[in-house]
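Structural features, examined
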Amino acid sequence: MKKNRAEMSIFVTDESVGLFQYNANALEQTSATPIELESGIVENGKILDPQSLYRKLFTRFKEMQIKPKKIRFVIQEQNILIREISIKKDDLQKKTIANYLNEQQSKTLNFPFSKPIITYFVKEETETEFFLTIYIADEDLLQDYYDIFERLKVKQVLFDMPSLSLYHFYQKRTEDDLSNTLLATIYNRTLSIHVIEDNVPVFSMIEELEGSGEPFFENIENYLERIANYYRYNIRKDKKTIYRALIFNLADRMDHEYFVKHMGLKLKSFITTIVDLAEIEPTLKAFSKINVVAYASNQMAQANANNLTNFKIDRVQKSRLYANLIMVLSLAIFSVMSLIYIPYRLILQEIAIQENINANLSLQLEALRTEIPQETIYSQVQKDYSNAFDYLTEQSTSPNRYLFDLFSEVTANLSVISYKVDQSKNEITFVLSANSQVELNEYFLQIYENYGVIANLNDVNRWMIDEPVRKWISTYVMEVKVLYA
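The notes below deal with the structure included here. (Residues numbered from 1 in each chain as written. Predicted model: local features only at pLDDT ≥ 70, side-chain atom pairs only at ≥ 80, totals over all residues. Heavy atoms only, no water.)

To continue, consider the packing of helix α1 (residues 50-64) against helix α4 (residues 139-151). Two numbers describe how α1 lies on α4: the axes approach to 10 Å, and their chain directions differ by 40°. By the angle class used here, α1 and α4 are oblique. In terms of crossing hand, the pair formed by α1 and α4 is right-handed. Residues Pro50, Gln51, Leu53, Tyr54 and Leu57 of α1 pack against Tyr145, Ile148, Phe149 and Arg151 of α4. Split by residue class, the contact of α1 with α4 holds 7 nonpolar, 1 polar and 1 charged. (Axes fitted to C-alpha atoms, helices over the stretch in contact; angles between N-to-C directions. Helix = DSSP H or I, 4+ residues; strand = E, 2+ residues; numbered from the N terminus. Parallel < 35°, antiparallel > 145°, perpendicular 65-115°, else oblique. Left-handed = near helix turned anticlockwise from the far one by under 90°. Contact = heavy atoms within 4.5 Å. Nonpolar A, V, L, I, M, F, W, Y, C, P; charged D, E, K, R; others polar.)

If you want it as C-alpha cells, here you go:
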C-alpha cells in the first residue's frame, strides 16, 4: 500500500495528540481517535519525555501507512505571547524589522523565554513609524518538536495557533462580521481568550479553570467581561469596543448541548455565538475535539490562509553536523596523541616551582613569628568605642526579612527582573514584569496593604514606613521603591 505523503496537521496537548491529513481524492480523517499521552510526557506544552512521544507518533504513522513530508504543528496557547509595539523608522536605519526586533531582545523587549523567537504583522505604517503586532514563542520548545518530526522523516514544519485556526475556519463558513471579536476557547484545564481586531489577534490571555457547575461558567463570564473592559479602557483608551464573542468548547468533560444550556444565557454584554463545528461540517461529528483543531488548521492550509505564527526555525544541516563531528574527533585524536608528554613535563616543572615557593613561605613565616609584638594594651576609650560599635551592629536591622516579604507576594504571573537594596537610605527597589498592567497594579497595592505601617497600630509585621513609589519603565514593566524602618 502506498504511503500518504500529504501535509499533516498535529495538535499536541498534555493529555493527547490530534492528527489530520488531507487526502486529495477523498476528504477523510487520518485517525478517528487521538493518541493518548500518559502523564509526564508533555507538560504545559513542553516535552519531558521525547522518546515516548516519538514512539507513539511513529507507531501511529506506521499503523495508518502515512509518511508526511510537511507537518503543520499547532502550538498550545500558553506557549505563544502576543504584544503590540511601535518602531520609529529613524531607529531602523538600514535594518530590517526582523533584525531590529532580534537586536532589541533583553534591551527594550523582554520575554519570559530564555531563547525567544519572534514573528510579526505590520498593522499600520505612517511616515515616521511602523505599528506591529508581534508573536513570541520559545525557540527551544519548537526545536524539541522539530527534533521529533525530523526523526519521523518530515522535511518541513510550519506552526499555527489553535484559536486562530478555529477562528478562520468558522469565519469562512459564516456571513457574520467577525473582524472585531472576543474569541474564547475552553480546554480541559484552561481558558484561552484572544481579542481579534481587524481579523488579527492583538491581545491574548490564558487562565486556569477550576471547579464545576455554575461557578465554572461564572468564571468564564467574568474573565470575558474583564478582558473586554481591559481592551476598551486600557489598550484602546475607550476608542474601540468589542461587542461580539465567539466561543469554542474543546473541553472533553462537557458536550456541546450541556455547555450551551449553562453558558447560553450568560454574556449579555456581547452578541455571543457558541460554535458547534459539527453542524457546519458534518464530517467533524466523528472527530474527537482535539482532532477538530488539527482538522481546522489543515483546512486553512489548503485554503492558503495567512499564517501569522509561521516562525522561522534555523536547523543545522546533517551534512554540516557530521562534518563538524569528524573535525572535532580528528582534533581530539591529534590532541591526545601529541600533547600527553608536554603537559606531563609542565606538571613536573610546576611541582618543583611550587616546592621552592613553599620553602620560601616557610622561611618568611618563621621570620614574621619572631617579629610579632607583645599583646597590645588598649585604652578605656578604645574599649568603649569597640563595645559601642558591637552594640550598634547587633541593633541594626537586616533587610533580608523585607526582601522575603516582597518576594512572597510575587505570583506566577509576575517576573522579578532585578532588585536592589540601599541600606544607607533604607530603600529597596524592585523591577517586575507581567503580561498585563492589572497584575502589576495588584502587586503594588498588595505589598502596601500587607506591610505598610498604620498609625496607632503596633504590628511588628508592618515595616514599610511610607507608600511605595511606582515608575513605569514600559507597558508591562514596573519599578517599585519601598522604604523600611
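Below, the discussion takes up the layout of surface pockets. Approximately 280 Å³ is the volume found for the second largest pocket. Broken down by secondary-structure element, the contributors of at least two residues to the lining of the second largest pocket are β14 (244-249), α8 (277-280) and α9 (289-302). Here the residues of the lining of the second largest pocket are counted per class, giving 9 nonpolar, 3 polar and 4 charged. (1 Å grid on protein atoms, 1.4 Å probe; cavity = no way out; pocket = protein on both sides within 12 Å on 5 of 7 lines; lining within 4 Å. Points joined across faces, edges and corners; volume = space filled by probe spheres on them.)

Our next topic: the pattern of salt bridges. By the definition in use, this model includes 18 salt bridges. For Glu7, the salt bridge identified is with Lys70, shortest N-O distance 3.9 Å. Residue Glu7 is found in the segment before β1 (8-12), and its partner Lys70 is found in strand β6 (residues 70-74); the two are separated by 63 residues along the sequence. What makes Lys70 partly exposed here is its relative accessible area of 27%. Between Glu281 and Arg173 there is a salt bridge whose closest N-O contact spans 3.4 Å. One end of the pair, Glu281, is in the loop between α8 and α9; the other, Arg173, is in the loop between α5 (162-171) and β11 (180-186), and 108 residues separate them in sequence. Owing to a relative accessible area of 16%, Glu281 belongs among the buried residues under this scheme. By sharing partners, the salt bridges in this structure join Glu84, Lys123, Glu197, Arg236 and Lys240 into a single network. (Salt bridge = Lys/Arg side-chain N within 4 Å of Asp/Glu carboxyl O. Buried < 20%, exposed > 50% of the residue type's maximum accessible area, 1.4 Å probe, protein only.)

Here Asp405 lies in helix α13 (residues 400-408). Residue class for Asp405 comes out buried when judged on its relative accessible area of 11%. When residues no more than four places from it in sequence are discounted, the contact partners of Asp405 are Tyr451 and Trp463.

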